[in-house]
Amino acid sequence: LDDPWGPLAKLLVLTGQRLGEVEAMRFEDLRDLDGDDPTWRIPAEVAKNGMEHSVPLPPQAVDVLRGQIEARRRLIEQTDDLDRRRTIECVPFLFWGGRVGRGGEITKLSGRSRFRQRWREEVEKARRKAATDAGRDPAEAKSMPDWRPHDLRRTCVSGMARLGVPIHVFEI
């Protein structure tokens, strides 16, 4: 998947968090990415339940976040227009579609429908490849039932419950 949706999809898988929460991730909410306890603070105004909480970040998620930070740095360096450069520097969101409103306001990431469709296409392509690699006819591979990115969270929560993680930990 293309940037910014590919890295965002990876974080959905790696953190088990909600799509809206990952979309709204801000630089200021990341803590200790270079230390021993990297975390992501989800502010109350972003959290579905209205409660601020912190999410521990595994090393793979930290790598994705560092990649986003580096991509933003490169974008700023490559922008010749000084006003646009200043605007990009002010964007608080890690995942940003590059749009600025007519009044100069920063707009959040857009394109969820395209993201979901493209992700479904990529999953189907991977399923067909897996069938081919296993020596089966890809045309006869059973299609995946309709699913949504939130199904990743449900799967994560179910796995945590099976492991005995207390419900208050994952129902945040």
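In case you missed it, the structure is sitting above this.
These numbers come from a predicted model, not from an experiment. (Residues numbered from 1 in each chain as written. Predicted model: local features only at pLDDT ≥ 70, side-chain atom pairs only at ≥ 80, totals over all residues. Heavy atoms only, no water.)

A look at the environment of R127
Our working definition: Secondary structure elements follow DSSP: runs of H or I no shorter than four residues count as helices, runs of E no shorter than two count as strands, and numbering proceeds from the N terminus. Two residues form a contact once any of their heavy atoms are found within 4.5 Å.
Looking at the secondary structure, you find R127 in helix 5 (residues 112-133). Not counting residues up to four positions away in its chain, the partners in contact with R127 are K142, S143 and M144.

Examining the pairing of strand 2 (residues 39-42)
Rules: For every residue, the accessible area obtained with a 1.4 Å probe (protein chains only) is divided by the maximum for its type, and the residue is called buried under 20%, exposed over 50%, and partly exposed between those limits. Here, any two strands with at least 2 DSSP bridges between them count as paired.
Covered by surrounding structure in strand 2 are T39 and R41 together with W40 and I42, the residues of both alternating faces. Here four bridges tie strand 2 to strand 3 (residues 53-56), and the two strands are oriented antiparallel to one another. Residue pairing across strands places I42 opposite H53, the latter belonging to strand 3.

Describing the side chain of T15
In plain terms, the rule: For this analysis, a polar contact is any N or O atom pair within 3.5 Å, provided that within protein one partner can donate a hydrogen and the other can accept it, and provided that sequence-adjacent residues contribute only side-chain to side-chain pairs.
One can find T15 in helix 1 (residues 5-15). A polar contact is formed between the side chain of T15 and the backbone oxygen of L11, at a distance of 2.6 Å. With sequence-adjacent residues up to four places away left out, T15 is seen in contact with V22, W40, V55 and L57.

Section: the packing of aromatic side chains
Remark: the centre distance and the inter-plane angle together describe each pair of aromatic rings, the angle taken between the planes. Worth spelling out the cut-off: When two rings of Phe, Tyr or Trp (its six-membered ring) have centres within 6.5 Å they constitute a pair, described as stacked for plane angles under 30 degrees, edge-to-face for angles over 60, and tilted for the intermediate range.
Overall, the coordinates contain two aromatic pairs when judged by the stated rule. An angle of 20 degrees between the planes, with centres 4.4 Å apart, marks the rings of W5 and F115 as stacked. Placement of the pair is W5 in helix 1 and F115 in helix 5, with a sequence separation of 110 residues. The exposure classification of W5 matches that of F115, with both residues buried. On the numbers, 5.2 Å between centres and 40 degrees between planes, the contact of F115 with W119 is tilted. With F115 and W119 both in helix 5, this residue pair falls four residues apart, about one helical turn. By the ring-pair criterion, three or more aromatic residues cluster together here, those being W5, F115 and W119.

Brief notes about the packing of helix 3 (residues 59-78) against helix 4 (residues 82-90)
Put simply, the test is: Fitted lines through C-alpha atoms serve as axes, helices being fitted only where they are in contact, and the angles separating the N-to-C directions of these axes extend from 0 to 180 degrees. Reported orientations rely on four angle classes, namely roughly parallel under 35 degrees, roughly antiparallel over 145, roughly perpendicular from 65 to 115, and oblique for the rest. A crossing counts as left-handed when the near helix is turned anticlockwise from the far one by less than a right angle, and as right-handed when that turn is clockwise.
For the pair helix 3 and helix 4, the least separation of the axes is 9 Å and the interaxial angle reads 165 degrees. Classified by the interaxial angle, the pair formed by helix 3 and helix 4 is roughly antiparallel. Here helix 3 and helix 4 pass one another in a crossing that is left-handed. Between helix 3 and helix 4, the residues in contact are R72, L75, I76 and E77 and R85, I88 and E89, respectively.

What about the sheet that holds strand 2?
Spatially, 1-2-3 is the arrangement adopted by the three strands of the open sheet, whose pairing is antiparallel. On the outer flanks of this sheet lie strand 1 (30-31) and strand 3, each paired with one strand and no other.

Nothing here speaks to function; it is geometry throughout.
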